[in-house]
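Here is how the chains run, residue by residue.
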Amino acid sequence: MPVAASAIYFLNLRGDVLINRTYRDDVGGNMVDAFRTHIMQTKELGNCPVRQIGGCSFVYMRISNVYIVIVVSSNANVACGFKFVVEAVALFKSYFGGAFDEDAIRNNFVLIYELLDEIMDFGYPQNLSPEILKLYITQEGVRSPFSSKPKDKPVPNATLQVTGAVGWRREGLSYKKNEVFLDIVESVNLLMSSKGNVLRCDVTGKVLMKCFLSGMPDLKLGLNDKIGLEKESEMKSRPAKSGKTIELDDVTFHQCVNLTRFNSEKTVSFVPPDGEFELMKYRITEGVNLPFRVLPTIKELGRTRMEVNVKVKSVFGAKMFALGVVVKIPVPKQTAKTNFQVTTGRAKYNPSIDCLVWKIRKFPGQTESTLSAEIELISTMGEKKSWTRPPIQMEFQVPMFTASGLRVRFLKVWEKSGYNTVEWVRYITKAGSYEIRC
Amino acid sequence: MTGMRGLSVFISDIRNCQNKEAERLRVDKELGNIRTCFKNEKVLTPYKKKKYVWKMLYIHMLGYDVDFGHMEAVSLISAPKYPEKQVGYIVTSCLLNENHDFLRLAINTVRNDIIGRNETFQCLALTLVGNIGGRDFAESLAPDVQKLLISSSCRPLVRKKAALCLLRLFRKNPDAINADGWADRMAQLLDERDLGVLTSSTSLLVSLVSNNHEAYSSCLPKCVKILERLARNQDVPQEYTYYGIPSPWLQVKAMRALQYFPTIEDPSTRKSLFEVLQRILMGTDVVKNVNKNNASHAVLFEALSLVMHLDAEKEMMSQCVALLGKFISVREPNIRYLGLENMTRMLMVTDVQDIIKKHQSQIITSLKDPDISIRRRALDLLYGMCDVSNAKDIVEELLQYLSTAEFSMREELSLKAAILAEKFAPDLSWYVDVILQLIDKAGDFVSDDIWFRVVQFVTNNEDLQPYAASKAREYLDKTAIHETMVKVSAYILGEYGHLLARQPGCSASELFNILHEKLPRVSTPTIPILLSTYAKLLMHAQPPDPELEKKIWAVFKKYESCIDVEIQQRAVEYFELSKKGAAFMDVLAEMPKFPERQSSLIKKAEEVEDTADQSAIKLRAQQQPSNALVLADPQPVSGAPPPLKVPSVSGSTQNPESVARSLPQPNGTPSPDLLSDLLGPLAIEASPGDVSTEQHGPIGAEGVPEEVGGSAIVPVEEQTNTVEVIGNIAERFHALCLKDSGVLYEDPYIQIGIKAEWRGHQGRLVLFLGNKNTSPLTSVQTLILPPAHLRLELSPVPDTIPPRAQVQSPLEVMNIRPSRDVAVLDFSYMFGTKLVSAKLRIPATLNKFLQPIQLTSEEFFPQWRSLSGPPLKLQEVVRGVRPLALPEMATLFNSFRVTICPGLDPNPNNLVASSTFYSESTGAMICLARIETDPADRTQLRLTVGSGDPTLTFELKEFIKEQLITIPMGSRALVPAPTPAPPVAQPLSPAALADDPGALLAGLL
């Protein structure tokens, strides 16, 4: 495995080091200065996540108000580096209980150092699973071995956990009520031309699970995806049901999924970790059901007036509804006065992002809603630069709807003791970058 | 500002922002707010307007682009209340500049404030105008501001501002102040008692006087009076005294103003001024306090320049120098720098050298100062103060310093040392010593010019030759010597090594051995010199030494196949020559003496001289240096000389005239100028000796008719009759329209050739003015009358052209827009007492800015179709065309760079052509043309021209038409100059001339 990092730095937005850890001594000490002068103070900060300066590669990303910078001098695996950062942030979040920002770092110096020591050795990523790490990097006080009180809980064998076959699950868990929660979360990315042609469209989906199951259960998940259904019909030697099947691209699984079984039987079977985890991720590019259609007309009437007309149509089932719909309609910088008429929701001009922001709290399916606005522009001194017309952006959440059409066919739980489980399934579709040119 | 809560909240919001992004969001939000408010005129109260305009200013100061709301800011100027008016003025002067049209709207309001009674408003208005007032302001406000300045009812505060405001207006538009009316007023103003007003008025005066000193001569005594008052410290209020010096600013300004007047006639004024200056010179000293030093020295140095300007008595000058001498011995580097610099300036003006020489040792110490700028000044000063008496010391000092000086200074240092050695050498052997030392110590920084010069001196002075040879021999004994040293010693030993033959270790073979040791380590340019030296050594070896001969032949053999052409040719030629016996001796005879030339070093130094510091004195002292190069006798390079006779042919690519020059050798040796190509760069100005002796002979001796001797100015028409023009000017012009070099004008005395290079919309022409006679041409004057569409820059031509010399004068041409108009060169000279002048059209015609381009049919037709009709595409049936066969017509078109694209038009009787036109306004633009001929009637054709620019299309069409029409001379009445081109002296029959461009060219040759 290639090296992922020689050193890792956590910087605030001003470029001051909050915390850093050097894993290999092939990078010098003034790396932060180089980053500050060559990256932070240039315009490339936002759009170029990897830069090489003087033989060192800087791989960085911004998370809330912290820059995480990985410095590598050898030929490193950059994807591995980014993955490491993402996983590390998730780990920190699970330790801090939510937020990861400058203040959280300042409040948890010792813990972070401890974690940084553990999650990477000599530049090679190690176990980043919070489940395991929480076993031996604890936030509670350590009891003195000479204390008179007897131990009320056996100390789990950490070594076994790290090296064991089912490293992600502790043994001996028991719950009174055995429950499984399954969420399918999809986000739709869309770029549509002003004439309504789809230029780019895909869905990225995640299957999230939350397990409260006793013992060492074996789970099996069936989806209406194409490969799984075909395999199944082949094995049961009967024709596939004539339902809609979904072709999933780029599927990735959590490490708990038994890949040999997946390869031979095309079924997703696994022993789940305890608590919340991401079972699988996938992408779909074909046959996407767009939840909304947007029909914009924007007319520039002379130098100082504009007319904006946006019609939004919901095309999902009439019984469903979308929540938190926000339509951001860009307007020129010199917008001075706006006049709205909306059929539903509320609209407002937000000068700091140069957009008309139209918010609709609840948007039922198979309906449509329009906004018409008159905009007055102020005359400027500079020569008239023609307006670039950025795309309209949209945000929404549609519960119980999947843009891909994916459905859970079954979720079977099998355990030695044979207890009953309750399974909960939820679907939700969100907007990724949902953009319509105007 | 009280009560503007919104503003203070906004500012504190901005200050509380954690990062730039948050600040930007806040600013954008506020800008949105302001836009909404400005648009809602109903609710926009003056208070709100004021508040928002302040916010805009704050945002602008934070660096954000505020491109609206200027109208509101300008409108606040007319508000009646002070707080609003103030913000209006402030924001307007921050956000707008003089080029904004908006400001015109404000002129009237500003004027009302200026002529109003409220002096606060007056001050605001004057400040605005003083900061951003442009031409419009100058035109409409100057009289009012003048009135304010001289008004007795105004407070000094207002008048101060008025003076500075008027200064700005004057700078923007010098016509704003009428000198006749204003001079007296200005003089009255200088009687002012208030020092503030006086300071401002003097600033104004400095500017006025620099423009026109005659009109303000009445102010001169007043300035002296002011100086007297300040020097005596009479009536100077405490607040105008700075560290005990009465208003140093006013003193400096008054003295600066005085420097713009040529002299002071009035003896009493002069006397009192000198008293004042004396007092300043006496009273200034170096003290501890830096601020006081700065102020007093500013006054002192201004006084020094005034003293220099006025050519004061020697006594005062020596006093100045003494003072400066004190300065250069001070430890403080700034003061030392100023002292050295001013000493250098003093050198330029007067004969204070002897006094400055007293400080020589101190200056030499400054040469070792840690501060490089001080060292440079010291070097300049040493260079300037050097003369025969102290040259030896100074040059030796410089040589000594050379080995320790840092690299950035070495080149200048070595050049200066070389020049001084040459200029002031007490004896030539010393000069040779110095230069050889120089090469030894700083070989890398010794340019070729320096050693060329040594060679010239040695060649021209027989006494020097043995000495130089023995010196060169001595240097060769050193183990590591610089390549330049190898070059110079090889050359000298080759020429004069035989003079040392009797000395031990200096026989030909020994010299060869020691030189040959150096050969492996030298670079390619040096090897040819060594080869020549070997040949010379071989030739001089008396008695002939067969062993040496063998060795040298081996070397020649070795280089016979060298990759470098120069080396190879020399090796081959010398090898062959050396077998020829007598011819060998002949060819390799001793170099003839060089003609006397101006030192190229001095020329070079003149170029190096920095002209940054432009004091009033320096401006006066500076002469206009002529850029034109005076070239050697312009013998035509007709054919290559026989290769064996002149082995330097191979060098002819470097310098053609050097070959030509070698032909008329004064001492009549066949052509032994072996190294003339090497020394070519030195040949800046050469006039053969025999000619220069005749130069002073009677002018009439040449048999020049002196018919027009009496009349100085003769109309052009007559002129051309009296001086017989050789060839036809118009014809020559037309030929030059089609080619890039040739003769523009010729008469018995002068020949003007022209050579042009064209690149895009720019061109560079070189005029070659060649004096054909043996006596100089004087009062040579050239003047360009450019048409509107060309920008021309002619380098000055020297006043005199020496006999048989050629002067080059570069002329830069820039094409701004398409036009057929032609530039005219108004040219005149005196030959003896006869004035000759001619007006010549310069062949910078439309077609010179064309660039041939060959288009294929796929490229041509879409372009052709996209140009739809007039004015982009013009068609005309042209009649009276001189009959031309199609191929001839195609040649004609190609000759003016409109390329015929064969095969594009299906009809064989038609021609299709294309070209690219370059000008500043159009950029590169494709032009297309189509000519449809009638095979039955060759005198008419249909011409269609198209391009992306209507003017270009029209002009090009007309141009082509002119080229095609039969009577080219008569129809060309398009010279823009008031007098048309000189009439044709020997008109050729137009038909013969027009037949084909080839004939035109042939006629010239």
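Preceding this paragraph is the structure being described.
Conventions and cut-offs
Residues numbered from 1 in each chain as written. Chains lettered and ligands numbered in written order. Predicted model: local features only at pLDDT ≥ 70, side-chain atom pairs only at ≥ 80, totals over all residues. Heavy atoms only, no water. Helix = DSSP H or I, 4+ residues; strand = E, 2+ residues; numbered from the N terminus. Buried < 20%, exposed > 50% of the residue type's maximum accessible area, 1.4 Å probe, protein only. Contact = heavy atoms within 4.5 Å. Salt bridge = Lys/Arg side-chain N within 4 Å of Asp/Glu carboxyl O. Phe/Tyr/Trp six-rings, centres within 6.5 Å; stacked < 30°, edge-to-face > 60°. Buried area = accessible area lost by both parts, 1.4 Å probe. Polar contact = N/O pair within 3.5 Å; in protein donor to acceptor, adjacent residues only side chain to side chain. Nonpolar A, V, L, I, M, F, W, Y, C, P; charged D, E, K, R; others polar. Arc of directions from axis to C-beta. Pairing = 2+ DSSP bridges. Axes fitted to C-alpha atoms, helices over the stretch in contact; angles between N-to-C directions. Parallel < 35°, antiparallel > 145°, perpendicular 65-115°, else oblique. Left-handed = near helix turned anticlockwise from the far one by under 90°.

Just checking my understanding: could you explain the overall build of chain B for this structure?
In terms of helices and strands, chain B carries 42 helices and 17 strands. Burial analysis of chain B (1005 residues in total) assigns 53% to the buried set. A fraction of 69% describes how many contacts in chain B between residues 6 or more apart in sequence connect residues 24 or more apart.

What's the story with the pattern of salt bridges in this structure? I'm lost.
For side chains of opposite charge, pairing can occur when their charged atoms come near one another. Taken as a whole, this structure holds 61 salt bridges over all chains when the rule is applied. Put simply, B:Lys368 and B:Glu397 hold a salt bridge, and the shortest N to O gap is 3.5 Å. Of this pair, B:Lys368 sits in the loop between helix H19 (360-366) and helix H20 (372-385) while B:Glu397 sits in helix H21 (residues 391-402); the two residues are 29 residues apart in sequence, bridging distant segments of the chain. Its relative accessible area of 18% is what places B:Glu397 among the buried residues. Overlapping salt bridges, with partners in common, bring together A:Lys333, A:Asp354, B:Arg24 and B:Asp28 in one network.

Can you walk me through the packing of aromatic side chains in this structure?
Any two aromatic rings considered together are summarised by their centre-to-centre distance and by the angle between their planes. Under the defined criterion, the tally for this structure stands at 31 aromatic pairs over all chains. Measuring from ring centre to ring centre gives 4.8 Å for A:Phe253 and A:Phe262, while their planes differ by 65 degrees; the resulting arrangement is edge-to-face. Its relative accessible area of 17% is what places A:Phe262 among the buried residues. Considering the side-chain rings of B:Phe10 and B:Tyr58, the 6.0 Å spacing of their centres and the 80 degrees angle between planes classify their relative orientation as edge-to-face. Note that B:Phe10 is positioned in helix H1 (residues 5-16) and B:Tyr58 in helix H3 (residues 46-61), a separation of 48 residues in sequence. Each member of the pair, B:Phe10 as well as B:Tyr58, carries the same accessibility label: buried.

What should I look at first to understand the interface of chain A and chain B in this one?
Reports of interface size often rely on the accessible area that becomes lost once the parts have come together. With 19 residues of chain A at the contact, the number on the chain B side is 18 residues. With both chains or domains summed, chain A and chain B bury close to 1,500 Å², and 58% of this area falls on carbon and sulfur atoms. Of all residues in chain A, the largest losses of buried area upon contact with chain B belong to A:Ser352, A:Ile378 and A:Met381, amounting jointly to 39% of the total for that side. Taken together, chain A and chain B are joined by 7 residue pairs in polar contact (both at pLDDT 80 or more). Those elements that place two or more of their residues in the side of chain A that touches chain B are strand S17 (335-342) and strand S20 (368-377) of chain A. The element that contributes the greatest number of residues to the side of chain A that touches chain B is S17(A), accounting for 3 residues. Of the residues in the side of chain A that touches chain B, the class split is 7 nonpolar, 7 polar and 5 charged.

Explanation requested: the environment of B:Pro950 in the structure shown.
All names here are of chain B. With respect to the helices, strands and loops of the structure, Pro 950 is situated in helix H40 (residues 950-964). Spatially, the C-alpha atom of Pro 950 lies 9.8 Å from that of Pro 818, the residues being 132 residues apart in sequence. Contact partners of Pro 950, with chain neighbours within four places excluded, come to Pro 871 and Leu 872.

Looking at this structure, how should I read the side chain of B:Glu932?
Following the sequence through the fold, B:Glu932 ends up in strand S16 (residues 923-933). Once you skip the residues sitting within four places of it in the chain, B:Glu932 turns out to touch B:Gln875, B:Asn909, B:Asn910, B:Leu941, B:Arg942 and B:Thr944.

I tried to follow helix H10 (residues 179-189) of chain B on my own but got confused; where do I start?
Residues three or four positions apart in an α-helix share a direction because the helix packs 3.6 residues into each turn. All names here are of chain B. Burial in H10 covers these residues: Ala 179, Trp 182, Ala 183, Met 186, Ala 187 and Leu 189. Projection of H10 onto a plane perpendicular to its axis shows the buried side chains occupying an angular sector of 150 degrees, all on one side. Every exposed residue of H10 that faces more than 90 degrees away from the buried side is listed here: Asp 180 and Gln 188. In this structure, the buried side of H10 is in contact with helix H8 (135-150), helix H9 (156-172), helix H11 (195-211) and helix H12 (219-231).

Help me understand the sheet that holds strand S12 (residues 268-270) of chain A in this model?
What holds strands together in a sheet is hydrogen bonding between their backbones, with the strands either parallel or antiparallel. Residues and elements named next belong to chain A. Ordered by their spatial adjacency, 3 strands build an open sheet running S12-S10-S22, and the pairing between neighbours is antiparallel. Only two strands of the sheet have a single neighbouring strand rather than two, namely S12 and strand S22 (408-414). Strand after strand, the sheet turns through a mean of 15 degrees between neighbouring axes, direction not considered. Relative to S12, strand S10 (residues 218-223) is paired through 3 bridges, and the arrangement is antiparallel. Bridge pairing in S12 places Leu 221 opposite Val 268.

It is not clear to me how unusual backbone geometry should be interpreted in this structure. Could you clarify?
All names here are of chain A. Its identity is not glycine, yet Asp 354 carries a phi of approximately 55 degrees, on the positive side. Summarising the element assignment, Asp 354 is placed in the loop between strand S18 (346-350) and strand S19 (355-364). The phi torsion at Gln 366 lies on the positive side, around 60 degrees, for a residue other than glycine. With respect to the secondary-structure elements, Gln 366 resides in the loop between S19 and S20.

For this particular structure, what's the right way to read the packing of H20(B) against H21(B)?
When two helices pack together, their arrangement is given by the angle between their axes and by how far apart the axes lie. Residues and elements named next belong to chain B. Their axes nearest at 10 Å, the elements H20 and H21 cross at an angle of 150 degrees. As the angle between them shows, H20 and H21 are arranged roughly antiparallel. Both H20 and H21 take part in a crossing whose hand is left-handed. Facing H20, whose interface residues are Arg 375, Leu 379, Leu 382 and Met 385, H21 presents Ile 394, Leu 398 and Tyr 401. Along the lines of polarity and charge, the residues of the contact of H20 with H21 split into 6 nonpolar, no polar and 1 charged.

Looking at this structure, how should I read the packing of helix H4 (residues 70-77) of chain B against helix H6 (residues 102-115) of chain B?
Residue and element names in this part refer to chain B. At a closest axis distance of 9 Å, the pairing of H4 and H6 adopts a crossing angle of 15 degrees. The orientation of H4 relative to H6 falls into the category roughly parallel. The way H4 lies across H6 gives a crossing that is left-handed. For the pair H4 and H6, contact is made by His 70, Met 71, Val 74 and Ile 77 and by Phe 102, Leu 105, Ala 106, Thr 109 and Asp 113, respectively. Per-class residue counts for the contact of H4 with H6 are 6 nonpolar, 2 polar and 1 charged.

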